[in-house]
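A look at the structure
So the chains spell out like this:
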Amino acid sequence: MLLAVLLLLLPMPGLRTAHGHPLYMRLPPSTLQVLSAQGTQVLQAARRNAQWAVMSLAMEIQHRLHGCQGPGHPRHLASFLQEPSEPGPCGERLPGAANVTRAHGRIVGGSAAPPGAWPWLVRLRLGRQPLCGGVLVAASWVLTAAHCFVGASNELLWTVALAEGPRGEQAEEVPVNRILPHPKFDPQTFHNDLALVQLWTPVSPAGPARPVCLPRGPPEPPAGTPCSIAGWGALFEDGPEAEAVREARVPLLSEDTCRRALGPGLRPSSMLCAGYLAGGVDSCQGDSGGPLTCSEPGPRPREVLFGVTSWGDGCGEPGKPGVYTRVAVFKDWLQEQMTAAAAAREPSCRELLAWAAPAEPPADGAGLCAFYARRCPRSDGACARRAHQQCLQRRRRCELRSLAHTLLGLLRGAQDLLGPRPGLRRRAPASSRPARALREPAGHSAREQRTPSGLRAAGETSAKQRPEPRGDTKDCPGMKALQQRLAALQRAHAWVLQLPSEHLAMNFHEVLADLGSKTLTGLFRAWVQAGLGDRRVVFPGLVGLEPATLARSLPRLLVQALQAFRSAALAEGELEGP
Ligand code: ARG
């Protein structure tokens, strides 16, 4: 209704000409399509951010309620718990999936894996960009390559996409709680290229993801054993990424063969190599962190993780087999990390940010900050308070970091909009590759490495479940205020949170530029008409009409569109309100 009135009031001229010169110009459908696609992305990011903000606060409330009401740990707070090291079933593939890997075919030279064939294979994403593979080794732990985190060690920015199901059921995406690179990882030599990633929520046993088996320790299978590699990496060197998981079978090679092939760059104490000296079948960029598993024979064969994809000299080149981190030699480190007591390590930023900090240290010295008080003698209250302050300080640093990254992410998100799209010119991407020294370990040629480029907005994690705060609020100081904050947050974001998923697309219907209104910066005044579900808005904006100026004007138009939808929804809410 309001819109109809607006439309009548607004001058919406068609393409008119004066003395044969056009006065107005409509952006062509192809550009509207680009705008719509990018608008949809921005809308989805706004929804994820809103979900994340609401979920974090809801978690804080639950955590506090939990503190007030005594023990009993909700599932989503499992990261505060120790991972039980009970050896559940592992390494079991779907019946029938075990035979699909062909010995040859042509990752490089592999074949497409059927959905659900590798239930432990995960994808590590920085923002929305998939950068590495990983392997689920326990309900809350993923093993991957340490080099994936060079220059991008902020756990708040990473998520893990779990394996999809056998019928292509959507992979669950889980935020990362903690990244533990091996303390002796050397980015120059790729020595000890291994990292453990702790998930924020453990993998649901009801979903399709399952852990692989870890080796019981050396010895490893003998040279010649056919093992499997899998991942979404490039199909050939510098080639495109695979759209679906690919797999290949590669034999383990002896230490001698590996040394001869790869020279001094190979450190057999932490690396093994596998593949064909004839070349043609190999892992490649993007496969890093993914699994090299060998099947352990028996009545129920199990896949055991002996390698984590680390580096190579090119991909599939003759005489240059792929190099994998030797998992078996790290068995003790892995066990230690996965079973460490919560108080033995510093709380992660994600934990601290979801935590309602008490003003005073808890009398029993337990809780999230226990790590800082670990050296305090029992009766030393001053020491406990200092430790508590130290913990609060770290939380403030985490808050700043999270804020800085959100802002940075938004900025970069805007820059991403200038990426290659039909009708728009590509901007040279800012180089974010590590120094050459990082990519070229001493003593041999380049180790292919994908780098964390294209950072996106922090907190772009999809909230898979939003815990509703419930329980008694009396006897829980500060709870009321927190719940009010939550209600306010939910109200502020209701416009995007309540959008039905089928309406989660923005459509730009028309952009009409006034050709007589060129500004000093080369932009034109324009009327923009956009739709979201059954809601339509019209707003004035500035638009460029050449590829470069158009690209420059897009981010602002998208933000304006978001604002217009938000105001329209709020206005409607007010009109319809009680
Ligand atoms: N370092 C690569 C990555 O970051 C993996 C390279 C594996 N190369 C090979 N030829 N096997 O994805």
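Residues numbered from 1 in each chain as written. Predicted model: local features only at pLDDT ≥ 70, side-chain atom pairs only at ≥ 80, totals over all residues. Heavy atoms only, no water.

Next up on the list: the side chain of Asn192. Secondary-structure assignment places Asn192 in the loop between strand 9 (173–181) and strand 10 (195–199). Since its relative accessible area comes to 10%, Asn192 is described here as buried. Among the polar contacts listed, one links the side chain of Asn192 to the backbone oxygen of Lys184, at a separation of 2.9 Å. Excluding its chain neighbours within four sequence positions, the residues that come into contact with Asn192 are Ala146, His182, Lys184, Phe185, Ser270 and Phe330. (Helix = DSSP H or I, 4+ residues; strand = E, 2+ residues; numbered from the N terminus. Buried < 20%, exposed > 50% of the residue type's maximum accessible area, 1.4 Å probe, protein only. Polar contact = N/O pair within 3.5 Å; in protein donor to acceptor, adjacent residues only side chain to side chain. Contact = heavy atoms within 4.5 Å.)

Here helix 8 (residues 479–497) contains 19 residues, and its C-alpha end-to-end distance of 23 Å is more than 12% below the 27 Å for a straight helix at 1.5 Å per residue. For helix 8, the principal kink sits at Arg491 and spans about 40°. Buried residues of helix 8: Met479, Leu482, Leu486, Ala494, Trp495, Val496 and Leu497, and no others. (Expected span 1.5 Å × (residues − 1). Bend = angle between axes of the 7 residues up to and from the residue.)

The phi dihedral of Phe190 falls on the positive side, at around 60°, and the residue is not glycine. Following the sequence through the fold, Phe190 ends up in the loop between strand 9 and strand 10.

Attention shifts here to the state of the cysteines. A complete count under the given rule lists eight disulfides for this structure. For Cys369, the disulfide goes to Cys391, at an S-S distance of 1.9 Å. For the disulfide bridge between Cys369 and Cys391, the dihedral angle about the S-S bond is near -70°, and by the sign convention the bridge is left-handed. In this pair, Cys369 is assigned in the loop between helix 5 (349–353) and helix 6 (381–416) and Cys391 in helix 6, connecting sequence segments 22 residues apart. Among the residues examined, Cys391 registers a relative accessible area of 0% and is labelled buried. (Disulfide = S-S within 2.5 Å.)

On to the packing of aromatic side chains, then. According to the stated counting rule, one finds four aromatic pairs in the structure shown. Judged by centre distance (6.2 Å) and plane angle (70°), the rings of Trp118 and Trp120 are edge-to-face. The burial state of Trp118 is the same as that of Trp120; both residues are buried. Centre to centre, the rings of Phe149 and Trp158 are 4.9 Å apart; their planes meet at 70°, and the pair counts as edge-to-face. The class of Phe149 is buried, set by a relative accessible area of 5%. The ring of Trp118 carries Arg93 above its face, with NZ or CZ at 3.6 Å from the centroid. (Phe/Tyr/Trp six-rings, centres within 6.5 Å; stacked < 30°, edge-to-face > 60°. Lys NZ or Arg CZ within 6 Å of the ring centre and 35° of its normal.)

The six strands are arranged 5-6-7-10-9-8 in a closed barrel whose pairing can be described as antiparallel. Taking the axes of each pair of neighbouring strands and ignoring which way they run, one obtains an average angle of 40° across the sheet. (Pairing = 2+ DSSP bridges. Axes fitted to C-alpha atoms, helices over the stretch in contact; angles between N-to-C directions.)

The subject of this paragraph is the nonpolar core. The biggest cluster of nonpolar side chains holds 60 residues, and the ones touching the most others in it are Leu143, Trp158, Val160, Leu196 and Leu334. The element contributing the most residues to this core is strand 6 (residues 129–138), with six residues. Ignoring anything within four residues of it in the chain, the contact list for Leu196 reads Val137, Trp141, Val142, Leu143, Arg178, Ile179, Leu180, Trp333, Leu334, Gln337 and Met338. Counting residues in hydrophobic clusters, the runner-up holds 34 residues, among them Leu27, Leu35, Phe565 and Ala569. (Core = buried A, V, L, I, M, F, W, Y, C linked by side-chain atoms within 4.5 Å.)

The next subject is the pattern of salt bridges. Opposite charge on two side chains permits pairing when their charged atoms draw close. Summed over the entire model, instances satisfying the criterion amount to 10 salt bridges. One salt bridge connects Glu510 with Arg26, and the closest N-O pair in it is separated by 2.3 Å. Given a relative accessible area of 16%, Glu510 falls into the buried group. Judged by its relative accessible area of 38%, Arg26 is partly exposed. Close ionic contact of Glu351 with Arg178 constitutes a salt bridge, the shortest N to O distance being 3.2 Å. With a gap of 173 residues between them, Glu351 in helix 5 and Arg178 in strand 9 connect regions that are remote in the sequence. (Salt bridge = Lys/Arg side-chain N within 4 Å of Asp/Glu carboxyl O.)

Along helix 4 (residues 331–339), the residues classified as buried are Trp333, Leu334, Gln337 and Met338. Burial along helix 4 is one-sided: seen end-on, the buried residues are contained in an arc of 120°. Turned more than 90 degrees off the buried face of helix 4, the exposed positions are Asp332 and Glu336. Where helix 4 is buried, its residues contact strand 6, strand 7 (141–144), strand 9 and strand 10. (Arc of directions from axis to C-beta.)

This paragraph deals with the sheet that holds strand 16 (residues 322–326). The strand order 4-12-11-14-15-16-13 describes an open sheet built from seven strands, whose pairing is antiparallel. Of all the strands in the sheet, just strand 4 (111–112) and strand 13 (271–274) have a single pairing partner and so form its edges.

Let us now look at empty space enclosed by the protein. Put simply, the largest cavity is a space of about 90 Å³. If you go around the largest cavity, you meet 13 residues; those closest to its centre are Ser283, Cys284, Gln285, Trp311 and Gly312. Ranked by residues supplied to the lining of the largest cavity, first place goes to strand 15 (residues 302–311) with three residues. For the lining of the largest cavity, the per-class residue count stands at three nonpolar, eight polar and two charged. (1 Å grid on protein atoms, 1.4 Å probe; cavity = no way out; pocket = protein on both sides within 12 Å on 5 of 7 lines; lining within 4 Å. Points joined across faces, edges and corners; volume = space filled by probe spheres on them. Nonpolar A, V, L, I, M, F, W, Y, C, P; charged D, E, K, R; others polar.)

Inspection of the sheet shows strand 4 paired to strand 12 (residues 246–251) by two bridges, in the antiparallel sense. Opposite Ser111, over in strand 12, you have Glu247 as the bridge partner. As defined by bridge partners, strand 11 (residues 226–231) adjoins strand 12 across six bridges and the pair is classed as antiparallel. Bridge pairing in strand 12 places Pro226 opposite Pro251.

All right, on to the environment of Ser501 then. Within the element layout of this structure, Ser501 appears in the loop between helix 8 and strand 17 (506–514). Separated by 32 residues in sequence, Ser501 and Gly533 place their C-alpha atoms 9.8 Å apart.

Taken across its five residues, strand 16 has five buried, putting it largely inside the fold. Two elements, strand 13 and strand 16, share four bridges in a ladder whose sense is antiparallel. Directly across from Met271, in strand 16, lies its bridge partner Thr325. Sheet analysis places strand 15 next to strand 16, joined by four bridges and oriented antiparallel. Residue pairing across strands places Thr309 opposite Tyr324, the latter belonging to strand 16.

For the protein chain, mean pLDDT is 77; residues scoring 70 or higher make up 74% of the total. Every residue in residues 70–86 scores below 50 in pLDDT, and together they form 40 contacts with partners more than four places removed in sequence or on other chains. A low-confidence stretch, residues 414–472 stays under pLDDT 50, and its non-local contacts, those more than four residues away or across chains, total 142 contacts. (pLDDT = per-residue confidence, 0-100.)

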